[in-house]
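# Breakdown of the fold
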Amino acid sequence: MSELIATLKVQIIEQLNLQHLKPEDIGDDQPLFVEGLGLDSIDALELIVLLQQQYGIKLANPQDGPTVFKTVRTIADYITAHKK
Amino acid sequence: MKVFIAGKGVISAIGNNVAENLASLRNLQTGVSKITVLPTRYAETIPAAEVKLSNEELAQRCGLNSGEPRTAFLSSLAAKEAVDDANIPNFKKWRTGFISANTVGAMDKTETIYKYYLEDSNTDKLIEEDPYDAGYVTELVANQLGIKDHITTISTACSSSTNAMAYGARLIKANQLDIVVAGGCDAMSKFTLNGFNSLMILDTNPCTPYDENRKGLNLGEGAGYVVLVSEKVAATLTKKPTTFLSGYANANDAFHQTASSPEGKGNFMAMQGALEMSELTTKDIDYINLHGTGTSNNDLSEGVAIQRIFGDVPKVSSTKPYTGHTLGACAGIEAVYSILSIENNIIFPNLRFQNKMKELEFSPVTELLENVEVNHVMSNSFGFGGNCSSVIFSKHQ
Amino acid sequence: MSNQKENKTVFKAPFGGLGAGLFINGIGCISPQRTFDNSEFLAEVKEYNTNRLTCVDADYTKFFDAGSIRRMGRLMKYGTAAGMIALRDAGLEVPGAISTGTALGLPEVSQKFLKSLIEVDETIVSPTTFIQSTHNTVSSNIALLCKCFSHNNTFSHKGFSFESALTDAQLLVLENMNNILVGAYDEVSDYKYAAMKKTKELRGEPCNNLDIYGEKGNGVIAGEGAAFFVLAKEKTENTYGSFVGNKTFYKPESTEEIRNHILSFLKENNSSLEDIDVVITGISGAKETDATRIDLNKNLFTTQTIIAYKHLCGEYMTSSAFAFWLASKMMKSQQIPDSVILENRNRSPKNILLYNSHKHNHSLMLFKAC
């Protein structure tokens, strides 16, 4: 799990152009949106692309975004649960 | 000083001219169906409102070379219909402008050329005209219309053609031009289809704007133009103008690159501005042709803003269930529909509407209303970048 | 408010401009020269040994926070920053309205999106580049940053893009608005550069931007840039000069017709050729199109100091905005940098005429120092 979380942080920085951050700047349980890292709705769409491109997981309903993309850990949990 | 509408022209998925569009609007005939013209992997899965004519057929009808962009064919057909409809005596003697709008220029050509370019950056397919050159399409049509005095193109996303009409009216009011052919055009492209798809706002079924269960928009294509004339030109017309442009306004939501603010600030300001200019009150507006794309965000912001301005909301409907969202063309096409509404005392329904949105106290018209007095119609168009524009057409007694 | 109140004042003549002029109260320019700092004026001219000039970047962290800068493409950064420089220069937080011109929108990000959709055959593409692909992206980004809820327009018509925005700004002032932020921006994309090469529009390499007007070599050097201006009814301590008016004409059939347009434009603005001190010519290094410009320089502008600018910024469809910046700087400093002079007739830059053209799009602008 910790390996997946570490990889995810690198991928998130890359996908969302967060070049001003280093992986260690993002806490495993830090909220990614609004009050946390300050991500927005476009980032949520980019994270959907990331899941599909890197992990072959399709998030069919964008409404699930807020729950799945809450923190890096929740994303990792979702990947672990849905990876074939 | 009044700016009159002397002529109109339109092509969309529901008809190749004004008469065909009116017939489809009356017959509740939608243009949204399976994609058959645009070559795309989504042909079977995402519906759209295409003009069901090939490039060759369109080119033949409008007299342009079939290698030109599809957007130009659509523009040419609608603009020529508008000019013919206006039938202005001594057209050439007046100071005339062509102000057109489009959002993706010659994108249909680019998609093909770019593929070759990626394989070989020195390919013979590279053309001089840049694909993102929105003005290229405008000049092709201006040349056909023989208009030279003032030519320009506006590209403010989905509000583009409202801004083209407003700019034309302002030039006439400022005594810079006598006649302006104004409106917009856009053809379907893989670029826009994939773009809106990446935003996850395309409905995989025919769209249902303003419905509680709306799932997004359908893309469409087409063109719509009006011929705006000064009072001086209007006086020379054999066919008396039925309508005039009584108000317009351009505002910016300044909230987010693509999304509308929840309270619809820009939408509110655009509608308010158009009302102020027209010196009408909210009670005078008989019908609002909504922007009503069918996305969760747009319909909510627009609806909330309408409720705030109007209180007692007039008859409203989105005609996008007929035509799809035609981007740079939508306000041109909907201007023609607004004028048809006034001329025929008729209000078009919001097809497929079932459930009222829980946030709103009003719901759109669901069946064709005939023999209703329609004197003033407001038409809204809002786009990416917070661009919000509204326009009001009024009956000329 | 966004509505345009009607005003009884009308222009004097078709596209002759306001006559009285609008004051240029703030400027901002990012170009292949070091132009972003308004305290300088071409102190050092950048020399390029290539046929493609790209912008000298400003420090964009001064304009945007890390969160908002991360998604911006190159043009979005320099276009938006040029607008913000002009606003700050004029001491304004929010302009009365925004009107811009861009011939090609944001081709780099648009092509990035197009490339990805071709490569993955429409399967899955990222939305960020798509949302920046509309031509109004820069104009609306400025509105977003300074919370300008008013009129916001973007014209995309080749060599008339910036010119239309200027006309829009003049109309807005007639309609009782003030402090209009008007500007233009374009970039040379890899695709455009390849197309210019293919069509032989481009000058062959090796070449030098400081040596493109002579006999040797043929073709333009590709360029880009962004320039913004605050146009207002009132003069301020920062005023650069006045923009008297502009005129566009399409597909002139002869040099004679161009000549007539120039003379009638001056007349419409209560000016004449004798009043003009400096002519900014759109000469570009392409022999065929330069022939007319050289003819006019030789036979019409016989007593004026003639200056050129496309060796500094390259050729692009909204390059007249760079020339507008040059005129503003010359008026305020009352200096003409040696690096732009083609023909020196020792005139001080009081009344300046710009004549530029791009293919069928011809444009005239008139400026007057205060």
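The structure contained in this document is the topic of the report that follows.

Criteria and cut-off values
Residues numbered from 1 in each chain as written. Chains lettered and ligands numbered in written order. Predicted model: local features only at pLDDT ≥ 70, side-chain atom pairs only at ≥ 80, totals over all residues. Heavy atoms only, no water. Helix = DSSP H or I, 4+ residues; strand = E, 2+ residues; numbered from the N terminus. Rg over C-alpha atoms; globule rule 2.2 N^0.38 Å. Buried < 20%, exposed > 50% of the residue type's maximum accessible area, 1.4 Å probe, protein only. Contact = heavy atoms within 4.5 Å. Areas by Shrake-Rupley, 256 points an atom, 1.4 Å probe, with all protein chains shown as cover. Lys, Arg positive; Asp, Glu negative; His and termini not counted. Charge placed at Lys NZ, Arg CZ, Asp CG, Glu CD. Salt bridge = Lys/Arg side-chain N within 4 Å of Asp/Glu carboxyl O. Polar contact = N/O pair within 3.5 Å; in protein donor to acceptor, adjacent residues only side chain to side chain. Nonpolar A, V, L, I, M, F, W, Y, C, P; charged D, E, K, R; others polar. Axes fitted to C-alpha atoms, helices over the stretch in contact; angles between N-to-C directions. Left-handed = near helix turned anticlockwise from the far one by under 90°. Buried area = accessible area lost by both parts, 1.4 Å probe. Expected span 1.5 Å × (residues − 1). Arc of directions from axis to C-beta. Core = buried A, V, L, I, M, F, W, Y, C linked by side-chain atoms within 4.5 Å. Phe/Tyr/Trp six-rings, centres within 6.5 Å; stacked < 30°, edge-to-face > 60°.

## Regarding the overall build of chain C
A count of helices and strands for chain C gives 11 helices and 11 strands. Taking 370 residues into account, the globule formula puts the C-alpha radius of gyration at 21 Å, and chain C, at 20 Å, falls close to it. For the C-alpha atoms alone, the extent of chain C along its principal axes is close to 60 × 50 × 40 Å. The proportion of buried residues among the 370 residues of chain C is 66%. Partitioning the contacts of chain C with sequence separation of at least 6, the portion at a separation of at least 24 is 79%. When the accessible surface of chain C is split by element, carbon and sulfur atoms take 49% of a total near 12,300 Å². For chain C, the centre of its 39 positive side-chain charges and the centre of its 40 negative side-chain charges are spaced 1 Å apart.

## Some points on the pattern of salt bridges
All names here are of chain C. According to the stated counting rule, one finds 32 salt bridges over all chains in the structure shown. The residue Lys 247 makes a salt bridge to Glu 268 at a minimum N-O spacing of 3.7 Å. A residue pair is termed long-range when its members are at least 10 positions apart, and Lys 247 in strand 6 (residues 241-250) and Glu 268 in helix 8 (residues 255-268) qualify at 21 residues. Residue class for Lys 247 comes out buried when judged on its relative accessible area of 9%. Between Asp 277 and Arg 347 there is a salt bridge, and its shortest N-O distance comes to 3.1 Å.

## Points about the interface of chain B and chain C
Counting from both sides, the interface comprises 81 residues of chain B and, opposite them, 76 residues of chain C. Of the charged contacts in the structure, one is a salt bridge between Asp 168 of chain C and Arg 170 of chain B, with a shortest N-O distance of 2.7 Å. Taken together, the links from chain B to chain C amount to 29 residue pairs in polar contact (both at pLDDT 80 or more). The greatest single-element share of the side of chain B that touches chain C, amounting to 8 residues, is contributed by helix 4 (residues 107-119) of chain B. For the side of chain B that touches chain C, the class distribution of residues is 34 nonpolar, 30 polar and 17 charged.

## Some thoughts on the packing of helix 2 (residues 55-62) of chain B against helix 3 (residues 70-86) of chain B
Any two packed helices are characterised by the angle at which their axes cross and by the distance between the axes. Residues and elements named next belong to chain B. In contact at an axis separation of 9 Å, helix 2 and helix 3 are set at 35° when each is read in the N-to-C sense. The element helix 2 and its partner helix 3 pack so that their crossing is left-handed. Taken together, the residues of helix 3 that come into contact with helix 2 (itself represented by Asn 55, Leu 58, Ala 59, Arg 61 and Cys 62) are Arg 70, Phe 73, Leu 74, Ser 76, Leu 77 and Lys 80.

## Here's the deal with the interface of chain A and chain C
If you look at the interface, chain A gives 14 residues, while chain C gives 9 residues. Summed over both partners, the interface of chain A with chain C buries about 990 Å², with 57% contributed by carbon and sulfur atoms. Linking chain A with chain C are 3 salt bridges. Measuring nitrogen to oxygen at the nearest pair gives 3.0 Å for the salt bridge that ties Arg 71 of chain C to Asp 43 of chain A. For the side of chain A that touches chain C, a count of residues per class yields 6 nonpolar, 5 polar and 3 charged.

## Concerning helix 8 of chain C
Residue and element names in this part refer to chain C. When the terminal C-alpha atoms of helix 8 are compared, their 20 Å separation across 14 residues agrees well with the 20 Å that a helix rising 1.5 Å per residue should span. Every buried residue belonging to helix 8 is among Ile 258, His 261, Ile 262, Phe 265, Leu 266 and Glu 268, and all of these are buried. Looking down the long axis of helix 8, one finds its buried residues gathered within 165° of arc, a one-sided arrangement. A positive backbone phi angle near 55° is found at Asn 270, which sits one or two residues after helix 8.

## A word on the nonpolar core
Counting residues in hydrophobic clusters, the biggest one holds 95 residues, and the most contacted among them are Leu 228 of chain B together with Ile 24, Phe 229, Leu 231, Phe 324 and Phe 367 of chain C. Top element by residues in this core is helix 11 (residues 320-333) of chain C. It accounts for 9 residues. For Phe 324 of chain C, the contacting residues outside a window of four places in its chain are Ile 24, Phe 162, Leu 166, Phe 229, Leu 231, Phe 243, Met 365 and Phe 367 of chain C. With 66 residues, the next largest nonpolar core counts Leu 16 and Ile 26 of chain A together with Leu 114 and Tyr 191 of chain C among its residues.

## Concerning the packing of aromatic side chains
All names here are of chain C. Summed over the entire model, instances satisfying the criterion amount to 25 aromatic pairs over all chains. Geometrically, the ring pair formed by Phe 229 and Phe 324 is tilted, given 4.2 Å between the ring centres and 40° between the ring planes. Remark: Phe 324 occurs in helix 11 and Phe 229 occurs in strand 5 (residues 225-232); sequence separation between them is 95 residues. As far as burial versus exposure is concerned, Phe 229 and Phe 324 are alike and both buried. Judged by centre distance (5.3 Å) and plane angle (50°), the rings of Phe 243 and Phe 324 are tilted.

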